[in-house]
Structure formats: C-alpha cells, structure tokens
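Listed below are the residues making up each chain.
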Amino acid sequence: MSSEAAIRLSDDQLIAWLRLIRTDGVGPRTFVSLLNHYGGAAEAIRALPDLSRRRAGKAVTIVSEAEAERELTATRRFGARFVARGEPEYPKALAAIDSAPPLISVIGPLNLAALPLVSIVGSRNASVAGLKMTDRLSADLGSEGFGVVSGLARGIDTRAHLASLPFGAIAVVAGGLDKLYPEENRPLFEQLCDRGAVISEMPFGWVARGRDFPRRNRIVSGLALGTVVIEAAMKSGSLITARFANEQGREVFAVPGSPLDPRAEGPNGLIRQGATLVRSVADIVEVLRPLLSRGPEQLKLLESDGGHREQPLWDEADWLGEAGPAAKGPTEMPFDGWAEAPAISPIDRILSLLTATPIDPDDLARSANLPIREVNLALYSLEAEQRLDRHPGGKVSARVAGA
C-alpha cells in the first residue's frame, strides 16, 4: 500500500479496514502486506481463514462486520472520525514511517498536522525548572511557526499541550479516545478537542495497557520532524520516544540538566550519544529550518529503518512471509510509570519539584498547585531537615548530598 496514493474510503471499505486491523495477529506491517497482496481489505479478510490454517495450523478470529459497524458508529457519536493511511488528511510525516497505523481516529482538525511539528516529551514527575523550560520552548516554537505534539501524560506532556494550545497542539493517546488516561487531564483533553487535535489508533472503548504506551510513542515521534526530551529517567517512555525518533530518521534534541538530578540522566545521556543540546528554541529552529526550506519534498528525507524490529510492538502473524518478524508473545516495554500515582504530602510534592537550580517560591506554588502559605510552611520544614538551600532573592533549591 503506497502512502502517496490519494484515496477516500467508503463506509463499506472503512468497515473492512476496521475488521482487518482489529483482527488478532494483524499489525501495521501485516496489514500492508495483506492489502498489497490481495488488493483490498475485504479480499484479505476472505483469504484469512485459509491462510491461518495453512500457516499457523489454527483458525483466526476475525472481527465481525457488526462489531466494526458498532465501533464506527460509537466513534462518530463521540465526535471523532477515522482517517486512513493514504487519504489526503492523513499526516504525511506519520505516513513516512513503516509502522504507520493504517487507521487513526481523530478529534479536531488534522490540518494542524500539516504544520511543521516538534514533539516534546519528558518526566511525569517533572521539576519546576523542567516545567518552565517546557512552557518556554512550546510557546517559542509556536511563535516560530511550529506545532507541538505530545502524549497527554502528566508533567512535561501536560505543560507542552497547555503552552502550545494557541499555536497548534496535538495529543496522541494510548487507549481509545473515550478511555482517557490520566483522568485528571480531562479538562485538558476537552481543550485539545476544541482548540487542537487528539489522535488514537486504538479501538473505541480500549483501556490502555503497558505496551500500548510505546505504541503511542512511535506515533508521537512519527508525527514530528524532531523530538525534544526534557527530564527523563534512564528507563523511561521518553527515551523510547527519542529512540523511535532516531530510528525514524528524525532529529533528537535534549535539554541538559544537573548531573545530580536523576531526571537529567536521560537527556544528558542523549547528548552524549549525539542529540542536539537545547538551551533555547534557537537550537531547535537552527536544525529544523533547513528542512523546511526544502518545501513539501522534505518528507522524502524522512526514511525509517522500521524501528524496534528486535522488540515487536504487535503480535504480527507473518502469513505471507513478508510482514516482518512476528512476536513470540505479548511484548512489554519499559515506560515512565503509567499507573495511577499515589497521593503524596505537600512536602513530598514540593521536594519532587525542586532541583539544584534555584527557583522562586511563587513558581513553586504555581507548579505544585498549592497556596503560597502552605508552600512556605513546607519550605521551612525542609530547611529545618537540611534538605533545602536558600539563595539571594528569596530563591530556593534542593540541597545536594555532600555539598
């Protein structure tokens, strides 16, 4: 299936596509192989029972027409629509990766994806300094004509979406559009539906599982010309996104941090591996602007080598011998903690926002969403416990062990 071919699916064709991509053992690469081999989804579905018996020795369970129709109806009632790879509205950058989802469900105008996009990702447990850098980069990228894409997670993702809403904000979710995670971002989700765009490849009603988050991450990176990492642990979903970006032929950027802050280990490591160090938006624009000057043909420069073939994200059934390696079973990849975080005390919340970089208590109160009086009481307690340093101008920082 060529991503260059301009197509428009009828409802009958869309239902056939839904049935095929929702069938067990059919991931993006298998879908493309079957469509190319049989000339259409309906024809591939008719061939699957015999194929599965010959290749796998067992029957395959194919999604029924009624089930696909129910998903189509529910998606449209929710205010979303399906866009197929090959249709004019499908994002060209995403279509350029070889694991591009055949179908995406979308709320909001996808013409935002025609903007040059930058993905911004980072820690859910972000510091105030990291959140402020996210605000600045997202807004400055908007002023430079770029949209911002992220994953609607807590922390860095949330701030990237909020700061880019006036310019072009796109969220990619790991579950169905109706099964939001985390639920606390419901107001942000509604703002994105009204003023930005939200994308999912998962079935309507699907509750995200662990391995769905890396799947989402390859879309976050695939939509963008480059990915910026702001604070990330060494084993985190943010670094998976950066790895996808590199494998998809996209640029990787990283904001450096204190070697004493574990949240800086990820971006500092990326810089050591060759990622572009980011001090301001100028460092990003300097790298990406030459791509934009080449015009629409720029996307031909974005060539994917297939990404994580050694760790498949799908249980692809290689019925035709050309869909790429099949997974032995469900593949779980590490990511930056998607389980609901337990409630923490104001002191622990404030301590989690502090780094070795001095910050103003007012900024701390805004990021912690706490009254300044409560923040000051917590700061006094931390100072008494010798976990806090004070600086000229009233700024505070986390005390560095051994300092």
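Residues numbered from 1 in each chain as written. Predicted model: local features only at pLDDT ≥ 70, side-chain atom pairs only at ≥ 80, totals over all residues. Heavy atoms only, no water.

Draft legend 1. Looking closely at the overall build of the chain. For the chain, the helix and strand inventory stands at 15 helices and eleven strands. When contacts within the chain are restricted to residue pairs at least 6 apart in sequence, long-range pairs at least 24 apart make up 71% of them. Total accessible area on the chain stands at roughly 17,600 Å², and carbon and sulfur atoms take up 51% of it. (Helix = DSSP H or I, 4+ residues; strand = E, 2+ residues; numbered from the N terminus. Contact = heavy atoms within 4.5 Å. Areas by Shrake-Rupley, 256 points an atom, 1.4 Å probe, with all protein chains shown as cover.)

Draft legend 2. Inspection of the packing of aromatic side chains at higher detail. Tallied over the entire structure, the rule returns three aromatic pairs. Their ring planes at 85° and their centres at 6.1 Å tell us that Tyr-181 and Phe-213 sit as a pair that is edge-to-face. Highlighted residues: Tyr-181 in the loop between β5 (169-172) and α8 (186-195) and Phe-213 in helix α9 (residues 212-222), separated in sequence by 32 residues. For Phe-213, a relative accessible area of 2% translates into the label buried. (Phe/Tyr/Trp six-rings, centres within 6.5 Å; stacked < 30°, edge-to-face > 60°. Buried < 20%, exposed > 50% of the residue type's maximum accessible area, 1.4 Å probe, protein only.)

Draft legend 3. Expanded view of the side chain of Ser-397. For Ser-397, the location among the structural elements is in strand β11 (residues 396-398). Take Ser-397: its relative accessible area is 2%, and that puts it in the buried class. A polar contact of 2.7 Å, which involves the side chain of Ser-397, links it to the side chain of His-391. (Polar contact = N/O pair within 3.5 Å; in protein donor to acceptor, adjacent residues only side chain to side chain.)

Draft legend 4. A look at the packing of helix α13 (residues 346-353) against helix α14 (residues 361-368). In the contact formed by α13 and α14, the axes pass within 10 Å of each other and the chain directions differ by 115°. With respect to α14, the element α13 is oriented roughly perpendicular. Relative to α14, the crossing made by α13 is right-handed. Between α13, through Arg-349, Ile-350 and Leu-353, and α14, the contact on the second element is made entirely by Leu-364, Ser-367 and Ala-368. For the contact of α13 with α14, the per-class residue count stands at four nonpolar, one polar and one charged. (Axes fitted to C-alpha atoms, helices over the stretch in contact; angles between N-to-C directions. Parallel < 35°, antiparallel > 145°, perpendicular 65-115°, else oblique. Left-handed = near helix turned anticlockwise from the far one by under 90°. Nonpolar A, V, L, I, M, F, W, Y, C, P; charged D, E, K, R; others polar.)

Draft legend 5. Structural context of the sheet that holds strand β2 (residues 103-107). On the basis of which strands lie adjacent, the open sheet formed by nine strands has the order β1-β2-β6-β5-β4-β3-β7-β8-β9 and mixed pairing. The open sheet has two edge strands with one neighbour each: β1 (81-84) and β9 (276-277). Summarising the sheet, strand β7 (residues 226-230) and strand β8 (residues 251-255) pair through five bridges and their orientation is parallel. The residue of β8 that forms the bridge with Ile-230 is Val-255. (Pairing = 2+ DSSP bridges.)

Draft legend 6. Spatial organisation of the packing of helix α6 (residues 128-143) against helix α7 (residues 156-164). Orientation of α6 relative to α7, taken along the N-to-C sense of each, is 35°, at an axis distance of 8 Å. The two elements α6 and α7 cross, and the hand of that crossing is right-handed. Every residue of α7 that contacts α6 at Gly-130, Leu-131, Thr-134, Asp-135, Ser-138 and Ala-139 is listed here: Ile-156, Arg-159, Ala-160, Ala-163 and Ser-164. Of the residues contributing to the contact of α6 with α7, the split by class is five nonpolar, four polar and two charged.

Draft legend 7. Fine view of the confidence of the model for the chain. When pLDDT is averaged along the chain, the result is 84, and 85% of the positions lie at 70 or above. Low pLDDT, under 50, characterises residues 295-310; the stretch is placed with 34 contacts to residues that sit more than four places away or in other chains. Here residues 323-342 is a poorly scored stretch, pLDDT under 50, and it has 52 contacts once near neighbours within four places are set aside; other chains count. (pLDDT = per-residue confidence, 0-100.)

Draft legend 8. Representation of the pattern of salt bridges. Going through the model one piece at a time under the given rule, you end up with 19 salt bridges. Close ionic contact of Arg-76 with Asp-11 constitutes a salt bridge, the shortest N to O distance being 2.8 Å. Taken together, the residues span a long stretch of sequence, with Arg-76 in helix α4 (residues 65-77) and Asp-11 in helix α1 (residues 11-21) at a distance of 65 residues. Note on Arg-76: relative accessible area 43%, which makes it partly exposed. We note a salt bridge from Arg-279 to Asp-283, for which the minimum N-O separation is 2.9 Å. For Arg-279, a relative accessible area of 61% translates into the label exposed. (Salt bridge = Lys/Arg side-chain N within 4 Å of Asp/Glu carboxyl O.)

Draft legend 9. Highlighting unusual backbone geometry. Omega for the peptide link from Tyr-181 to Pro-182 comes to -5°, which places this bond in the cis form. Within the element layout of this structure, Pro-182 appears in the loop between β5 and α8. A positive phi angle, near 65°, is found at Glu-231, a position not held by glycine. One can find Glu-231 in the loop between β7 and α10 (237-247). Take Glu-231: its relative accessible area is 10%, and that puts it in the buried class.

Draft legend 10. Looking closely at α14. Burial analysis of α14 places six of its eight residues in the buried class, the great majority of the element. Three or more residues of α14 are buried, namely Pro-361, Asp-363, Leu-364, Ala-365, Ser-367 and Ala-368. Its side-chain oxygen placed 2.8 Å from the backbone nitrogen of Asp-362, Asp-360 serves as the N-cap of α14. Trailing α14 by a residue or two, Asn-369 shows a phi angle of about 55°, which is positive.

Draft legend 11. Spotlight on the environment of Ser-164. Relative to the helices and strands, Ser-164 is located in helix α7. For Ser-164, a relative accessible area of 1% corresponds to the buried category. When the C-alpha atoms of Ser-164 and Asp-135 are compared, they prove to be 8.2 Å apart, with 29 residues separating the residues in sequence. Contacts of Ser-164, omitting those with residues within four sequence positions, involve Ser-138, Val-148 and Ala-169.

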